[in-house]
Amino acid sequence: MEQQLASILDKYQHNPLRLMDILIDIQESAGYISEEAVGYIAPELNISRADVEQTRSFYHFFSKKPTGKYSIFLNTSVTAYMMRRNAVARTFEQEAGIPFNSVTRDGLIGLFDTSCIGMSDQEPAAIINGKIFPNLTPFRVKELIRDIRAGKSMEELVVEGYGDGENSNEDIRAVVNNNIRKIGPVLDPRYKPGEVIWDILPKLTPEQVIEEVKNSNIRGRGGAGFPTGMKWELCRKAKADEKYIICNADEGEPGTFKDRVILTERPKLLLEGMVIAAYATGATRGILYVRHEYKYLKTYLENLIQGAHERNLMGNDIAGIKGFNFDVRIQFGAGSYVCGEESALIESAEGKRGEPRDKPPFPVESGYLGKPTVVNNVETFCSAVKVLLNGGEWYRSFGTEDSTGTKVLSISGDCRYPGIYEVEWGFSVNDICEMAGAEDIQGVQVGGPSGSLVGPGDFDRTLCFADLSTGGSLIMFNYSRDLLQDVVLNFTNFFIEESCGSCSTCRIMPVLLRDKLKKILDARGVKKDMDDILAWAEVLKASRCGLGQTASNPIISSIRNFKHLYEQKIRRGTEYDTGFDLNMAMQDGMAATGRFPVTQS
Amino acid sequence: MEKPVIATTSLAGCFGCHMSLLDIDERILELIELVDFNKSPINDIKTFTRECDIGLIEGGCCLDENVHVLEDFRKHCRILVSVGECAIMGGLPAMRNGIPIRECLEEAYLNGPTVRYTNNEKIMPNDEELPIMLDRVYPCHEVVKIDYFLPGCPPRADLIWNALTALINNREMDLPYEVFKFD
């Protein structure tokens, strides 16, 4: 074991900043990260054992116990349940002979739940030893377990044939499908890689690049919508010996899978965008932070970066511009939604727990290793390339006044054509339902669990920052769904699962909210429970980051837009009732101490 | 017009929220111009002598006595406010909620390293003067109806001040993020 650990440590030059990569490699080679391994690597990295422990314990895909020779992680997202996850999960349990979150006695198979893996258009999906297995059925599960028991290799487990587009590339070879339904500037297949870097960048000063990006009015595509040009300018103006460009490809919002498709089909566009951002800001290093669930793209992306170096699109004196040096490394996550928050992502890229930082300072002043850092979404970088290619004015011709350009949407749920749609900002929810072949729709979740659940009364509202803002996820629910039980409860559980635990508001309040919701679903709720929920949503706003601040959104937006569903279940005539019974609450304490002095032998 | 009357108490709390109330500094002079205090550890009035307008509750309920005090507050106060993490969510004391109360008591009085060899008669304190531990720590809203919630551990003095003056003057509360953010 020590030999293996030593070679992993050598691979990362014993650098504690690469703790994530080191732990990922150990997890992958040994199937878990043992106490002994932690004890071995801590002194080698010159950090405390606790430093290693806290990173190991934070991420979903790190385990201190063996996870089985075949570790099966089955997605728990709402779309998985909609596509008969229960039947698939039951078959997994029956065939493997163990309940979820355990490992067979022979150590062969481990079954685990996991939050959304970015396959909402092909659910239910599982990750087995890093490989994606979408569109699972009970029959397919029986086949898989039989083949695993027969000792087949991971390659042999795949019987579906590879997916469309680059999914069949020999560096990927995934069963995943892109499902691209509508293209626009970002997904345009006529893209010529390197064109902007070679032909346009040398003619512009960094300030002119920033000016053009500002002129396009492009705003961050991750959901928050911060003006990209301004972010770049702030970073440009920050004084430091080193600056960083980070691409946030950690899309963890349930229902979102657009980055998966961009990383598969337009990764060169994304990398080109990072190079442009580096030129504009004066950064010399970049990090592409990709969620662990997309690790099957690792070789493919690494080879592309290698190729960019060979073509002088990265490295030194890029495109002949003297002194313009920039290099990108890939950082994989290890299963954590909160790492999509930029400061948590930076912490994670530094090898630490993905806990959001207290702000200010913002990353543009003090980001990765305390240096000025631009963190942008995958799509933002892609759009920036097109802005430089065709001009800011051209870009502004798409979309609405406050939301220019296009948005790549991930559409899933009850519709005939789930998949990726690149549309101009300003489409209404109705347009999108029609486009995706969604009929008889009761509600649409816009922007994932942290967004809002809207009903037919709001379907003429438009997607843009001023109205319905979204990071790109839309999930459709028809009238066969129980919105509160199937959707709102699932999303609330997601927030409970994914809280980093740093702020007590976010660690505890969603649990109290879920209990209230369950109380109402059990028809024990009263009017005061709804009032409390609304008041507590405000309490959650005290949290440090967006995860905590929006953790009540599923419940709040459903109370706002589907009030009748709650009112049907609320008991009338009772103002306040929690079922608290003092005598019951005292019983155990009294029994433990007794009425008379207790002596125990 | 008669001044509004305020009562305060600390249940299963650490008095940190009361300290934070005192942290309003010289505004305390303004406060005593604005309001009268009734039952409160600040003036050491032990029992309600009149009906109050606002009751500030620090801490959740871990003892039967906490429940009685809280119910008394509900009876005498027009508006009840849960102040701080413990009142709202149980807070630090609620860390015992995953462990049966018998185990907690045995650890504290029979098995813990400081009592294992000294409590030779294996006595668990049970004088009838002592309050009785509840099976878990309850946030206040599970015991009585709570009207408002002020987050923080403790809530910043400015937050308490803003909330009190808003309540007294019957206006919307001024709530910039900096005043109530967690860190």
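Keep in mind that this is a model prediction, so the values were computed, not measured. (Residues numbered from 1 in each chain as written. Chains lettered and ligands numbered in written order. Predicted model: local features only at pLDDT ≥ 70, side-chain atom pairs only at ≥ 80, totals over all residues. Heavy atoms only, no water.)

Topic: the overall build of chain B
A tally of helices and strands in chain B yields seven helices and seven strands. Scanning chain B from its N terminus toward the C terminus, one meets helices and strands in the order β-α-α-β-β-β-α-β-α-α-β-β-α-α. Here the C-alpha coordinates of chain B stretch approximately 60 × 40 × 30 Å along the principal axes. Taken over 183 residues, chain B has a buried fraction of 51%. Put simply, 74% of the contacts in chain B that link residues at least 6 apart link residues at least 24 apart. In the structure as shown, chain B presents an accessible area of about 9300 Å², 54% of it carried by carbon and sulfur atoms. (Helix = DSSP H or I, 4+ residues; strand = E, 2+ residues; numbered from the N terminus. Buried < 20%, exposed > 50% of the residue type's maximum accessible area, 1.4 Å probe, protein only. Contact = heavy atoms within 4.5 Å. Areas by Shrake-Rupley, 256 points an atom, 1.4 Å probe, with all protein chains shown as cover.)

A short note on empty space enclosed by the protein
Residue and element names in this part refer to chain A. Going through the model one piece at a time under the given rule, you end up with four cavities of 30 Å³ or more. In this structure, the largest cavity encloses a volume near 110 Å³. By residue class, the composition of the lining of the largest cavity is three nonpolar, six polar and four charged. Each of domain 2 (70-160) and domain 3 (181-396) contributes no fewer than three residues to the lining of the largest cavity. (1 Å grid on protein atoms, 1.4 Å probe; cavity = no way out; pocket = protein on both sides within 12 Å on 5 of 7 lines; lining within 4 Å. Points joined across faces, edges and corners; volume = space filled by probe spheres on them. Nonpolar A, V, L, I, M, F, W, Y, C, P; charged D, E, K, R; others polar. Domains from an automatic or database assignment.)

Side note on the layout of surface pockets
Computed from the structure, the largest pocket encloses a volume of approximately 1400 Å³. When contributions to the lining of the largest pocket are tallied by element, the ones reaching two or more residues are α11 (228-237), α12 (258-265), β10 (373-377) and α22 (546-550) of chain A. Considered class by class, the residues forming the lining of the largest pocket number twelve nonpolar, 24 polar and 13 charged. Considering the residues around the second largest pocket, the lining is formed by 44 residues, among which A:L512, B:M89, B:N97, B:V137 and B:P139 are closest to the centre. Mapped by element, the contributors of at least two residues to the lining of the second largest pocket are α20 (504-521), α21 (527-540) and α25 (582-593) of chain A together with α4 (85-89) and β6 (133-138) of chain B. The biggest single contributor to the lining of the second largest pocket is α20(A), with nine residues.

What about the pattern of salt bridges?
Opposite charge on two side chains permits them to pair, given that their charged atoms come into close proximity. Residues and elements named next belong to chain A. All told, the structure shown has 56 salt bridges over all chains when counted by the stated rule. Across the pair E53 and R56 runs a salt bridge whose closest N-O atoms are separated by 2.9 Å. Here E53 and its partner R56 are both found in helix α4 (residues 49-58), three residues apart, which amounts to about one turn of the helix. The class of E53 is partly exposed, set by a relative accessible area of 23%. Salt bridges sharing partners connect three or more residues here, namely K516, K519, K528, D529 and D532. (Salt bridge = Lys/Arg side-chain N within 4 Å of Asp/Glu carboxyl O.)

As for the nonpolar core
Residues and elements named next belong to chain A. Of all hydrophobic cores here, the largest spans 171 residues; its most connected members are I41, W232 and L288. In terms of residues, this core owes the most to one element, helix α13 (residues 267-281), which gives ten residues. In terms of nonpolar packing, the next biggest core, distinct from the first, is built from 24 residues, I128, V141, L144 and V158 among them. (Core = buried A, V, L, I, M, F, W, Y, C linked by side-chain atoms within 4.5 Å.)

Some remarks on α21(A)
Here α21(A) spans 21 Å end to end across 14 residues, near enough to the 20 Å set by a 1.5 Å rise per residue. Those residues of α21(A) not exposed but buried are A:K528, A:D529, A:M530, A:D532, A:I533, A:W536, A:A537, A:V539 and A:L540. (Expected span 1.5 Å × (residues − 1).)

What about the packing of helix α6 (residues 85-96) of chain A against helix α7 (residues 138-149) of chain A?
Residues and elements named next belong to chain A. Interhelical geometry of α6 versus α7 gives an angle of 30° and a closest axis separation of 9 Å. Classed by the angle they form, the pair α6 and α7 counts as roughly parallel. Both α6 and α7 take part in a crossing whose hand is right-handed. Contact residues: A87, V88, T91, F92, E95 and A96 in α6; P138, V141, K142, I145 and R149 in α7. Classifying every residue of the contact of α6 with α7 by side-chain character gives seven nonpolar, one polar and three charged. (Axes fitted to C-alpha atoms, helices over the stretch in contact; angles between N-to-C directions. Parallel < 35°, antiparallel > 145°, perpendicular 65-115°, else oblique. Left-handed = near helix turned anticlockwise from the far one by under 90°.)

Describing the domain arrangement of chain A
Its domain assignment divides chain A into domain 1 (2-58), domain 2 (70-160), domain 3 (181-396), domain 4 (410-479) and domain 5 (484-567). For domain 1 of chain A and domain 4 of chain A, the distance between their C-alpha centres works out to 43 Å.

A closer look at the interface of chain B and chain A
Each partner contributes residues to the interface: chain B has 36 residues there, and chain A has 41 residues. Of the roughly 3200 Å² buried between chain B and chain A, counting both surfaces, carbon and sulfur atoms make up 64%. Ranking the residues of chain B by area buried against chain A places B:M89, B:N126 and B:F182 at the top, with a combined share of 19%. The interface formed by chain B and chain A contains three salt bridges. Here A:R544 and B:D183 are joined by a salt bridge, their closest N and O atoms 2.7 Å apart. Put simply, chain B and chain A have 13 residue pairs in polar contact (both at pLDDT 80 or more) between them. Where the side of chain B that touches chain A is concerned, the elements lending two or more residues are α3 (64-76), α4, α5 (101-111), β6 and α7 (177-180) of chain B. Here the side of chain B that touches chain A takes five residues from α5(B), the largest share from any one element. Its residues assigned to classes, the side of chain B that touches chain A shows 21 nonpolar, three polar and twelve charged. (Buried area = accessible area lost by both parts, 1.4 Å probe. Polar contact = N/O pair within 3.5 Å; in protein donor to acceptor, adjacent residues only side chain to side chain.)

Things to note about the pairing of strand β13 (residues 441-446) of chain A
Residue and element names in this part refer to chain A. Most of β13 is tucked away: six of the six residues are buried. Sheet analysis places β13 next to strand β15 (residues 473-478), joined by five bridges and oriented antiparallel. By the bridge assignment, G443 is partnered in β15 with F477. Turn length for the β13-strand β14 (residues 452-454) hairpin, with the two strands adjacent in sequence and antiparallel, is five residues, and the turn residue G447 shows positive phi of about 85°. (Pairing = 2+ DSSP bridges.)

Details of α20(A)
Between the first and last C-alpha of α20(A) there are 26 Å, a value that for 18 residues agrees with the 26 Å anticipated at 1.5 Å per step. On its buried face, α20(A) sits against α19 (483-498), α21, α22, α23 (553-561) and α24 (563-567) of chain A together with α4 of chain B. Immediately downstream of α20(A), the backbone of A:A523 shows phi near 65°, a positive value.

As for a negative patch on the surface
A surface patch of negative charge is lined by B:D23, B:D25, B:E26, B:E30 and B:E33. You can see B:D23 is positioned in the loop between α1 (16-22) and α2 (27-34). (Patch = residues over 30% accessible without salt bridge, like charges linked within 9 Å, V, L, I, M, F, W, Y side chains within 5 Å. Lys, Arg positive; Asp, Glu negative; His and termini not counted. Charge placed at Lys NZ, Arg CZ, Asp CG, Glu CD.)

A look at the sheet that holds strand β8 (residues 285-290) of chain A
Residues and elements named next belong to chain A. Strand order across the open sheet formed by four strands is β9-β8-β7-β10, with parallel pairing between neighbours. Of all the strands in the sheet, the pair left with one neighbour each is β9 (327-332) and β10. Averaged over all neighbouring strand pairs, the angle between strand axes comes to 20°, with direction disregarded. With six bridges joining them, strand β7 (residues 244-249) and β8 adopt parallel strand pairing. Paired with I245 across the bridge in β8 is G286. In this fold helix α15 (residues 342-349) packs onto β7, β8, β9 and β10, with an angle of close to 105° to the strand it touches most, β8. This element, helix α16 (residues 378-390), spans β7 and β10 of the sheet and lies at about 95° to β10.

Let's talk about the packing of aromatic side chains
By the definition in use, this model includes 16 aromatic pairs over all chains. Note on A:F494 and A:F495: the rings are 5.7 Å apart at their centroids and 65° apart in plane angle, and the pair reads as edge-to-face. A relative accessible area of 6% means that A:F494 is categorised as buried. A residue is classified by how much of its surface remains accessible, and A:F495, at 0% relative accessible area, is buried. Plain terms: the ring middles of A:W536 and B:F149 are 5.8 Å apart, the flat faces sit at 80° to each other, and that makes the pair edge-to-face. Here the residue A:W536 occupies a position in helix α21, and B:F149 occupies one in strand β7 (residues 148-150), the pair thus bridging two chains. Taking the relative accessible area as the measure of exposure, A:W536 reaches 0% and is therefore buried. Among the aromatic residues, those joined into a cluster by ring pairs are A:F58, A:Y59 and A:F62. In this arrangement the basic side chain of A:R85 is found over the ring face of A:F100, its NZ or CZ atom lying 5.5 Å from the centre. (Phe/Tyr/Trp six-rings, centres within 6.5 Å; stacked < 30°, edge-to-face > 60°. Lys NZ or Arg CZ within 6 Å of the ring centre and 35° of its normal.)

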